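# A structural walkthrough
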Amino acid sequence: MDMRVLIGENFARLRREKGLTQEEVEARSGFSQQYLSGLERGKRNPTVITLFELAEAIGVSHLDLLTPHDACKD
């Protein structure tokens, strides 16, 4: 799977699980809603620093953004 798509899908899923809108994440992180939308659609190629900042903004580990969802199920 393309890492951009994996990160985008994980970010969108985790953001929704936390009950956050893209606008709320924008306020917490400083990344625009347009950037977050592109990220969730797999159109952005975030840096390592961006991954850390976004994970912190939604209250998850940066590894949660990188791990295939199937691997998280036990």
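Here is what the cut-offs are and how they apply
- Residues numbered from 1 in each chain as written.
- Predicted model: local features only at pLDDT ≥ 70, side-chain atom pairs only at ≥ 80, totals over all residues.
- Heavy atoms only, no water.
- Helix = DSSP H or I, 4+ residues; strand = E, 2+ residues; numbered from the N terminus.
- Rg over C-alpha atoms; globule rule 2.2 N^0.38 Å.
- Contact = heavy atoms within 4.5 Å.
- Areas by Shrake-Rupley, 256 points an atom, 1.4 Å probe, with all protein chains shown as cover.
- Lys, Arg positive; Asp, Glu negative; His and termini not counted.
- Charge placed at Lys NZ, Arg CZ, Asp CG, Glu CD.
- Axes fitted to C-alpha atoms, helices over the stretch in contact; angles between N-to-C directions.
- Nonpolar A, V, L, I, M, F, W, Y, C, P; charged D, E, K, R; others polar.
- Buried < 20%, exposed > 50% of the residue type's maximum accessible area, 1.4 Å probe, protein only.
- Arc of directions from axis to C-beta.

With that out of the way, let us pick up the overall build of the chain. Each helix and strand counted, the chain has 6 helices and 0 strands in total. Helices and strands in the chain line up, N terminus first, as α-α-α-α-α-α. Here the C-alpha radius of gyration of the chain, 11 Å, is about what a compact globule of 74 residues would show, namely 11 Å. With the C-alpha coordinates of the chain rotated into their principal frame, the extents come out at 35 × 25 × 20 Å. For the chain, the proportion of contacts with a sequence separation of at least 24, taken over those separated by at least 6, is 59%. Accessible surface, the chain: about 4,500 Å² in total, of which carbon and sulfur atoms supply 50%. Distance between charge centres in the chain, computed from 10 positive and 12 negative side chains, equals 4 Å.

Now for the environment of Gln 33. Turning to its location among the elements, Gln 33 is positioned in helix H3 (residues 33-40). Between the C-alpha atom of Gln 33 and that of Glu 53, which follows or precedes it by 20 residues, the distance is 15 Å. When neighbours within four sequence positions are excluded, Gln 33 is seen to be in contact with Gln 22, Glu 23 and Glu 26.

Bringing the packing of helix H1 (residues 3-17) against H3 into the picture now. At a closest axis distance of 7 Å, the pairing of H1 and H3 adopts a crossing angle of 115°. On the side of H1, the interface is formed by Arg 4, Ile 7, Gly 8, Glu 9, Phe 11, Ala 12 and Arg 15, while H3 contributes Leu 36, Leu 39 and Glu 40. Of the residues in the contact of H1 with H3, the class split is 5 nonpolar, 1 polar and 4 charged.

Attention now goes to helix H4 (residues 48-58). Counting along an α-helix, one turn takes 3.6 residues, and residues three or four places apart therefore face a common direction. All buried positions along H4 are accounted for by Thr 50, Leu 51, Leu 54, Ala 55, Ala 57 and Ile 58. Mapping the buried residues of H4 onto a view down its axis gives an arc of 160°, with all of them on the same face. Residues of H4 that are exposed and point over 90 degrees away from its buried face: Val 48, Ile 49 and Glu 56. Check the buried side of H4 and you find it contacts H1, helix H2 (22-29), H3 and helix H5 (62-66). Looking at the residues trailing H4, positive phi occurs at Gly 59, about 75°.

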